[in-house]
Amino acid sequence: MQHEGDHHRTRLTHTLEVAQIARSIARPLGLDEDLTEALALAHDLGHTPFGHAGERALNATLADHGGFDHNAQSLRIVTELERRYPEFDGLNLSWETLEGLVKHNGPVRDDTGQPAGAYAGGALPYAIARQLQVDDLDAARPASLEAQVAAISDDIAYDSHDIDDALRSGILTPQQLCENPLCGDIVTATMRAYPDLDADRIGYELVRQLITRMIEDVVANTFSRLERGGVGSPEDVRAAGTPICCFSDKMSKAEAELKTFLYANIYKLDRVDGPARVAGRIVADLAGCYINDPRSLPVEWRAGLDEAAPDAVARRAADYVAGMTDRFALGEHRRLFDETPELG
């Protein structure tokens, strides 16, 4: 979160790290590095202020108006909200780029046409459903290898930078990671080789080796799956039915254990979870205010809302809130409400 200071990740720094990791995987695999980087850079454009805490709050606030999903919002930005050309809204992106954004987390429909994956049992977000009416994005089949690389690079970046931030902020110590299957041998070997090394540099070495280890695993496992499956074309990738670019079984298990550890030792701590709940309240307050009183929106955002249906008003409010930075959201809350809670 931006409010935590200059030494912790923001959405921008996370995105740049995802792009760097994605290129490091795409290059040895001989993939389209430009497409891979484009998908990595665009994957979080739709995120709200305060990250996932803000997304959850905005989704709950818009429950009666189609909800909110940051992946769908990323698509909405590049197909509707960006207005750079005289003849059409959105950006002039390729089919492969749009496909990769829609299927960042895998196919969004099953073979019967029903919502799948994260959307199973519900409805597709508005932006995705609308785009599938415009473009046949092959919604029931896996995305390109480039999109799969961008997705797994997102996981690698999250794991590594959350550890880095937690170590630098004092939430974790290197010793706490000594028993973790994925990190323990790195920490132990580093401390043994450099007994006088300070905690910060132990953390840097851990993160460096952790990223390398995970990238090497993905590349080796992807080559193996390509060879075993006889995959030689983009069509073969989509016909495979399951992701090809992924961790090995051993690494997948270790990465899942690491996520469980991070959840228990970082995300659910009061000093992390408490501010997240407050941040969610700020986002919910803002969205509710704009939905109930569109006159609270800036003049240029109110255009055409006088006679608009409630869903259209709610979507406009969501677009405005989702585009805020943490700092701007806090400032808007102070402008509109008598009291703004402290984030801690």
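Placed above this text is the structure.
All values derive from a computational prediction rather than experimental measurement.

Caption draft 1: Highlighting the overall build of the chain. Of the regular secondary structure elements, the chain holds 15 helices and 0 strands. Principal axes of the C-alpha set define a box for the chain whose edges measure 70 × 50 × 35 Å. Burial status across the chain gives 49% buried among its 344 residues. Sequence-distant contacts in the chain: of pairs separated by 6 or more residues, those separated by 24 or more amount to 70%. Looking at the chain as shown, the accessible area adds up to about 17200 Å², and 49% of this sits on carbon and sulfur atoms. Put simply, the chain has 34 plus and 57 minus side-chain charges, and the middle of one group is 2 Å from the middle of the other.

Caption draft 2: Main features of helix α7 (residues 145–169). Helix length check: α7, at 25 residues, gives a terminal C-alpha distance of 36 Å against a target of 36 Å (1.5 Å per residue), a fit within 8%. Counting buried residues in α7 gives 21 out of 25 residues, a clear majority hidden from the surface. Directly after α7, the chain includes Gly 170, whose backbone phi takes a positive value near 85°.

Caption draft 3: Spatial organisation of unusual backbone geometry. Its identity as a non-glycine residue notwithstanding, Phe 50 has a phi of 65°, on the positive side. By the element assignment, Phe 50 lies in the loop between α2 (33–42) and α3 (51–61). One non-glycine residue, Asp 138, lies in positive phi territory at about 55°. Within the fold, Asp 138 resides in the loop between α6 (126–134) and α7.

Caption draft 4: Spatial organisation of the nonpolar core. By size, the foremost hydrophobic cluster in this structure holds 43 residues, and its most contacted members are Ile 25, Ile 156, Ile 163, Leu 177, Leu 182, Cys 183 and Leu 206. Secondary-structure elements contributing two or more residues to this core are α1 (11–29), α7, α8 (184–193), α9 (199–228) and α11 (249–267). Setting aside anything within four residues of it in sequence, one finds Ile 156 in contact with Ile 21, Ile 25, Ile 211, Met 214, Ile 215, Val 218 and Phe 247. In this structure, Leu 286, Tyr 290, Val 313 and Ala 322 belong to the second largest nonpolar core, which totals 25 residues.

Caption draft 5: Representation of the packing of α1 against α7 in the model. Following both chains from N to C, one finds α1 and α7 inclined at 125°, their axes separated by 8 Å at the closest point. Looking at the two axes, α1 sits oblique to α7. In this structure, the crossing between α1 and α7 has a hand that is right-handed. Contact residues: α1 offers Arg 11, His 14, Glu 17, Val 18, Ile 21, Ala 22, Ile 25, Ala 26 and Leu 29, while α7 offers Val 149, Ala 150, Ile 152, Ser 153, Asp 154, Ile 156, Ala 157, Tyr 158 and His 161. Its residues assigned to classes, the contact of α1 with α7 shows 12 nonpolar, 3 polar and 3 charged.

Caption draft 6: Quick peek at the environment of Gly 51. Structurally, Gly 51 can be placed in helix α3. Separated by 228 residues in sequence, Gly 51 and Ala 279 have C-alpha atoms that sit 9.2 Å apart.

Caption draft 7: Just α2, in detail. Looking only at α2, the buried set comprises Glu 33, Leu 35, Thr 36, Leu 39, Ala 40 and Ala 42. The inward-facing, buried residues of α2 abut α1, α4 (70–81), α5 (95–102) and α7. Two or three places before Asp 34, at the start of α2, stands the capping residue Asp 32, its side-chain oxygen 3.1 Å from that residue's backbone nitrogen.

Caption draft 8: How the structure looks around the packing of α8 against α9. For the pair α8 and α9, the least separation of the axes is 9 Å and the interaxial angle reads 135°. Between α8 and α9, the angle is such that the two are oblique. For the element pair α8 and α9, the recorded crossing hand is right-handed. For the pair α8 and α9, contact is made by Asp 185, Ile 186, Val 187, Thr 190 and Met 191 and by Ile 202, Glu 205, Leu 206, Gln 209, Leu 210 and Arg 213, respectively.

Caption draft 9: Layout of the packing of aromatic side chains. What the rule picks out here adds up to 5 aromatic pairs. Look at Tyr 85 and Phe 88: their rings are 4.8 Å apart centre to centre, the planes differ by 25°, and that puts the pair in the stacked class. Looking at Phe 88, the relative accessible area reads 34%, which means it is partly exposed. Look at Tyr 320 and Phe 328: their rings are 6.4 Å apart centre to centre, the planes differ by 90°, and that puts the pair in the edge-to-face class. Assessed through its relative accessible area of 10%, Tyr 320 is described here as buried. Following the ring pairs from residue to residue traces out a cluster consisting of Tyr 290, Trp 301, Tyr 320 and Phe 328.

Caption draft 10: Highlighting the environment of Ala 318. Mapped onto the elements, Ala 318 comes out in helix α14 (residues 310–322). Along the chain, Ala 318 and Val 283 lie 35 residues apart, while their C-alpha atoms are 9.8 Å from each other. Not counting chain neighbours up to four residues away, the residues in contact with Ala 318 comprise Leu 58, Leu 62 and Phe 68.

Thresholds, definitions, all that
- Residues numbered from 1 in each chain as written.
- Predicted model: local features only at pLDDT ≥ 70, side-chain atom pairs only at ≥ 80, totals over all residues.
- Heavy atoms only, no water.
- Helix = DSSP H or I, 4+ residues; strand = E, 2+ residues; numbered from the N terminus.
- Buried < 20%, exposed > 50% of the residue type's maximum accessible area, 1.4 Å probe, protein only.
- Contact = heavy atoms within 4.5 Å.
- Areas by Shrake-Rupley, 256 points an atom, 1.4 Å probe, with all protein chains shown as cover.
- Lys, Arg positive; Asp, Glu negative; His and termini not counted.
- Charge placed at Lys NZ, Arg CZ, Asp CG, Glu CD.
- Expected span 1.5 Å × (residues − 1).
- Core = buried A, V, L, I, M, F, W, Y, C linked by side-chain atoms within 4.5 Å.
- Axes fitted to C-alpha atoms, helices over the stretch in contact; angles between N-to-C directions.
- Parallel < 35°, antiparallel > 145°, perpendicular 65-115°, else oblique.
- Left-handed = near helix turned anticlockwise from the far one by under 90°.
- Nonpolar A, V, L, I, M, F, W, Y, C, P; charged D, E, K, R; others polar.
- Polar contact = N/O pair within 3.5 Å; in protein donor to acceptor, adjacent residues only side chain to side chain.
- Phe/Tyr/Trp six-rings, centres within 6.5 Å; stacked < 30°, edge-to-face > 60°.

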